[in-house]
Amino acid sequence: MISGKMEQALNEQVKYELYSSYLYMSMAMYFHGLSLKGFANWMEVQAKEEQAHAEKFMHYINDAGGRVVLQAIDQPPADFKSPQQVFEETLKHERFVTGRINGLIALAREENDNAAYAMLQWFITEQVEEEATADEFVNQLKIIGDNGHGLLMLDREMISRVFVPPTAAAN
Ligand SMILES: [Fe+2]
Ligand SMILES: [Fe+2]
C-alpha cells in the first residue's frame, strides 16, 4: 500500500510528465510554423512519449492502492528563438525531470517503498536516454549553424521517427 506522501509525490510527477508533453507539443507547433515537418514530427512523437510516462505513473498509483488526482498544468512557452534553442530548452527540461525522478527515488528509499523504487528504475534509464538525445541534437545544430542545407537534411531524418508505446516488458 502506497503512503500518502508517496501518493502525493507521484501525483505531482504525473503533472510534470503531462507538462513535458504540453511543452513538446508547443515546440512541435513552433516547428510547424517554420515548415520543418521532420522536427515537428519528432516533437509530436516526444509529446506522445511523455503522455505515456504520465500514464505509467497513473497506472502505478492505481495499482499500488492510491488515488490519481490530476493537477493543473502550467502554460508552456509558445515562442522559441531557433531550433538550437528549442533543444537547449529540451535538455534543460529533461535535466530538471531527472532531478525529480532522483527525488522520488530518495523518497522511496526513505519510506522503504520497494515497489515504487523498482518502478522508478525504468525512468532512470529513460532519463539517461532523453538527456543524451537532446544533447546530441544541440551539438548537431551547433555544427549546422546557419547552414540551411544541413538543417533540412536533419529535418528529413527526423520525419521517420514513429511513436512506439512502452512495451509490457518495460512496464
Ligand atoms: Fe517523461
Ligand atoms: Fe522526457
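Summary of the structure given here.

Definitions and cut-offs
- Residues numbered from 1 in each chain as written.
- Chains lettered and ligands numbered in written order.
- Predicted model: local features only at pLDDT ≥ 70, side-chain atom pairs only at ≥ 80, totals over all residues.
- Helix = DSSP H or I, 4+ residues; strand = E, 2+ residues; numbered from the N terminus.
- Rg over C-alpha atoms; globule rule 2.2 N^0.38 Å.
- Buried ≥ 20, exposed ≤ 12 C-beta atoms within 10 Å, placed from the backbone.
- Contact = placed C-beta atoms within 7 Å.
- Expected span 1.5 Å × (residues − 1).
- Core = buried A, V, L, I, M, F, W, Y, C linked by C-beta atoms within 7 Å.
- Axes fitted to C-alpha atoms, helices over the stretch in contact; angles between N-to-C directions.
- Parallel < 35°, antiparallel > 145°, perpendicular 65-115°, else oblique.
- Left-handed = near helix turned anticlockwise from the far one by under 90°.
- Nonpolar A, V, L, I, M, F, W, Y, C, P; charged D, E, K, R; others polar.

1. So, the overall build of the protein
Phase 1: Of regular secondary structure, the protein possesses five helices and zero strands.
Phase 2: For the protein, the sequential pattern of α-helices and β-strands runs α-α-α-α-α.
Phase 3: Whereas a compact globule of 171 residues would reach a radius of gyration of roughly 16 Å, the protein reaches 17 Å, a difference of no more than 12%.
Phase 4: Along the longest, intermediate and shortest principal axes, the C-alpha atoms of the protein span 55 × 25 × 25 Å.
Phase 5: Counting all 171 residues of the protein, 30% fall into the buried class.
Phase 6: The contacts in the protein between residues at least 6 apart in sequence include a share of 79% that link residues at least 24 apart.

2. Brief notes about helix α4 (residues 114-144)
Phase 1: Across its 31 residues, α4 extends 46 Å between first and last C-alpha, which sits within 8% of the 45 Å expected from 1.5 Å per residue.
Phase 2: Those residues of α4 that are buried are in contact with α1 (4-33), α2 (37-63) and α3 (83-110).
Phase 3: Of the residues trailing α4, G145 is marked for its positive phi of about 55°.

3. With respect to the environment of E126
Phase 1: You can see E126 is positioned in helix α4.
Phase 2: Remark: the alpha-carbon pair of E126 and G150, spanning 24 residues in sequence, is separated by 28 Å.

4. What to know about the nonpolar core
Phase 1: Counting residues in each nonpolar core, the largest one holds 35 residues, and the members touching the most others are M27, A28, F31 and M43.
Phase 2: Take this core: its biggest share by element is twelve residues, from α1.
Phase 3: Setting aside residues no more than four positions away along its own chain, F31 makes contact with L36, F39, A40 and M43.

5. Some thoughts on the packing of α1 against α2
Packed helix pairs are characterised by how far apart their axes lie and by the angle those axes make with each other.
Phase 1: Axis separation between α1 and α2 bottoms out at 8 Å; the angle between their running directions is 170°. In terms of orientation, α1 and α2 fall into the roughly antiparallel class. Classified by chirality, the crossing of α2 by α1 is left-handed.
Phase 2: Tallied by class, residues from the contact of α1 with α2 come to 17 nonpolar, eight polar and four charged.

6. Comments concerning unusual backbone geometry
Phase 1: The phi dihedral of S35 is positive, around 60°, even though this residue is not glycine.
Phase 2: Turning to its location among the elements, S35 is positioned in the loop between α1 and α2.
Phase 3: A residue is classified by how many C-beta atoms lie within 10 Å of it, and S35, with 10 of them, is exposed.

7. Some details on the environment of L154
Phase 1: Structurally, the position occupied by L154 is in helix α5 (residues 148-158).
Phase 2: In this structure, the C-alpha to C-alpha distance between L154 and V45, residues 109 residues apart in sequence, is 16 Å.
Phase 3: Residues contacting L154, with those up to four places away along its chain left out, are Q140 and I144.

8. Thoughts on the environment of K56
Phase 1: With respect to the helices, strands and loops of the structure, K56 is situated in helix α2.
Phase 2: A count of 20 C-beta atoms within 10 Å places K56 in the buried class.
Phase 3: Considered as a pair, K56 and H149 are 93 residues apart in the sequence and their alpha carbons are 39 Å apart.

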